[in-house]
Amino acid sequence: MSLPDRIDPRPPRRIYRWDLDKTYLQTEFDSLRDLLRTAFQKAHEKQAVPGASALIRELASNGDSRLCIVSGSPKQLRSVLEEKLKLDGVVWDEFVLKDNVGNLMRGRFRALRGQVGYKLPAILESRANAPVEAEEVLFGDDAEADAFIYSLYADMIAGRVDERVLQQILDAAAVYPDEAKRVLTAWKKTPVADPVRRIFIHLDRLTPPAHFANYGPRVVPVFNYFQAALVLLADGHLTAPQVIKIAVEMVQSAGHNIITLSNSFQDLLRRGLPLQQAAAALVQALEGPNALIQALRPMPDIISAFTKRLAALGTPPPPPPAQAVDYLELIHHALPRTHKGRKTQ
Amino acid sequence: MATKLITIAFDVMGSDHGPAEVVRGAAQLSLESPHIHALLVGDRALIDDALAETKHSGERISVQHASEHIGMDEKPGEALARKPDASVSVAARLVAEGEADALVSAGNTGACVLSCARHFQLLPGVRRAALAAVYPTRDRHGEKADPFSLILDVGATVEATAEDLVTFAVMGAAYARIISRNENPKVALLSNGTEPNKGPRQVVEAHAALSAMAGLKFIGNVEGVDIPKGTADVVVTDGFVGNVCLKMLEGVHDTVVELAQYAYKESLRWRAGLAMLSGGIQRIKDITDWEQYGGAPVLGFDRIFIKAHGRSKARAISNAGKVAAKAVAHELGKAIQQGLAR
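This is a predicted model, so every value here is computed, not measured.

## Brief notes about the pattern of salt bridges
Scanning the entire structure with this criterion turns up 34 salt bridges over all chains. A salt bridge links E94(A) to R66(A); the nearest nitrogen and oxygen atoms lie 3.6 Å apart. On the criterion of sequence distance, the pair formed by E94(A) in strand β3 (residues 94-98) and R66(A) in strand β2 (residues 65-74) is long-range, its members being 28 residues apart. R66(A) sits in the buried class, given a relative accessible area of 17%. A salt bridge links D194(A) to R160(A); the shortest N-O distance between them is 3.0 Å. Within this pair, whereas D194(A) is found in the loop between α9 (177-189) and β5 (196-202), its partner R160(A) is found in the loop between α7 (146-157) and α8 (163-172), the two being separated by 34 residues in sequence. Since its relative accessible area comes to 40%, D194(A) is described here as partly exposed. Through salt bridges with shared partners, a single ionic network connects D267(A), R270(A), R271(A), R44(B) and D48(B).

## A word on the domain arrangement of chain A
Note on interface size: it is often stated as the accessible area lost on association of the parts. All names here are of chain A. In terms of domains, chain A is made up of domain 1 (14-218 + 322-334) and domain 2 (239-311). The straight-line distance from the C-alpha centre of domain 1 to that of domain 2 is 29 Å. Each side of the interface is counted separately: domain 1 has 11 residues, and domain 2 has eight residues. Of the roughly 780 Å² buried at the junction of domain 1 and domain 2 (both faces included), carbon and sulfur atoms supply 56%. Remark: the boundary between domain 1 and domain 2 carries two salt bridges. Taking the shortest distance from any N to any O, the salt bridge between E249 and R57 comes out at 2.8 Å. Where domain 1 packs against domain 2, one counts four residue pairs in polar contact (both at pLDDT 80 or more). Among the elements that make up the side of domain 1 that touches domain 2, the one with the highest residue count is helix α2 (residues 52-61) (six residues). Of the residues belonging to the side of domain 1 that touches domain 2, the class tally is four nonpolar, four polar and three charged.

The rules we used
Residues numbered from 1 in each chain as written. Chains lettered and ligands numbered in written order. Predicted model: local features only at pLDDT ≥ 70, side-chain atom pairs only at ≥ 80, totals over all residues. Heavy atoms only, no water. Salt bridge = Lys/Arg side-chain N within 4 Å of Asp/Glu carboxyl O. Helix = DSSP H or I, 4+ residues; strand = E, 2+ residues; numbered from the N terminus. Buried < 20%, exposed > 50% of the residue type's maximum accessible area, 1.4 Å probe, protein only. Domains from an automatic or database assignment. Contact = heavy atoms within 4.5 Å. Buried area = accessible area lost by both parts, 1.4 Å probe. Polar contact = N/O pair within 3.5 Å; in protein donor to acceptor, adjacent residues only side chain to side chain. Nonpolar A, V, L, I, M, F, W, Y, C, P; charged D, E, K, R; others polar.

Right, here's the structure in full:
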């Protein structure tokens, strides 16, 4: 079991769980060359996904929250990854890395690529130690099985998954018996609650958003962290000025502009996210004194771009309906990309 | 220097293959060309359904809902009057208002040209717009070694004056310079003989004017036989003759394909012969693949419009978007105006 890296005397009201590679960091590991380059990168050479560090900092600045990182990166990278997070001003509470060398030494080759047997027990064990009232927002990506694992985790702790079904899922995902035991033990220790509000999936591979439709509206695929910030504004986790700060960082450091940001906003509206009130709050904040963003672009242009994208749609589509997730049907999402049972996207 | 961001409005509802094919083309463009943004105009629900299933960059695509569209078999004037919210009309308006830099449509050609005429302005010095078309030729052209030549007008202006023909020549040359990277394109008038005095009065007058024009490589008259040879890079004619030529070229192509299919079915020896030639036939198909060209422009307006073929699939739509963006980036309108000022 992993211990917290930071002891906070106050119980957290909100827990933000993040994956690292392709979610927080722009990591390439599709080829051996990519893997080697990633392994030998120094902290300052690693690039965060635009807006990710600003989003984490803004969420943390609200207080009463906990940042828990569970990454598939090997434990040997801990020091360089910690240094990178510190460079970005990110303060974490839990930081769990994968024991890939241990898996290799013990001949547990499935565990090298498998995610379910690693991430699911790790986040369940973390949840077992969290206050029952703490709500959660999870961040992953489309490179591996994050949508599947996070959704399953949310439904397990909410009491919506049957133990028999869970066993079938773990079998189908080829989880080792000791990992399965850890899952069941942590699950049984976790009080029943329904704390997971959102699961953001960073579309690093630009997987079509419909690929995640079966997980229901709780899972929101995002092309960038401005989109996540907009949804978190609507959900009450961020204020409009905080969203503007994130947007400014993306404009200044990653070449985003008024068109990419307003298109991102409209993309969410078209997927049925109820962002009208968030948009109004954003416009109000933009009209207020904000020297930083005024220096970037004349205010009327920004407001006009967002208003036009909203008006362009006519009647906004209804939000997608909530639905029960059939995990056995979606089991191919949980398998490593190289697995023969994994369907192509 | 940072690349200029260019927004292309796509009339999503026009293609013979339905809206999903145009959406897929724009989605492909969003992945391949970071400096191009696609504004998809059409039925929002249909666009969203197609986009949700297609790999794309959500940051580079936006949607403008348009509740109506014009079918291929509708009369352009009547249909546009009856359907004020038709996708092609809305898209042209958005381009005119500066929401996008150029328009791409695979829809009803007449409705497209009419929408442009209603929303765009003719360039100073241009009396009539011209619809251009590209066609495969024997010779290669320009820095890109295009196996295509340009013919204009192919239907926008049925009766062209000598002045119109001269304008078409300048516009066609500017387009070839920018899109085919052909710095000094050979321009010719289509006539019934190569002598300067051959052809109707307006062709003879245009010949005299073009011969005296500086900065244009006018090679005189060409005959119909020169079109597929690629004797000229830009062939100038009026919309009536141009349209007849274009349809004839398409008809010859279709007939050759039908004859080949007939031969394939009819005799084992012919089938064997075709099989032996298949590599060469495929190569010819590759070099004359119109989908790589994407579409043809309507020239003469202050905004860029690329007419994609009605049968365009995603790749052709994506390439039409790239051609439109290239024309915008190289300021085709300004190049035409500079040519006319000479």
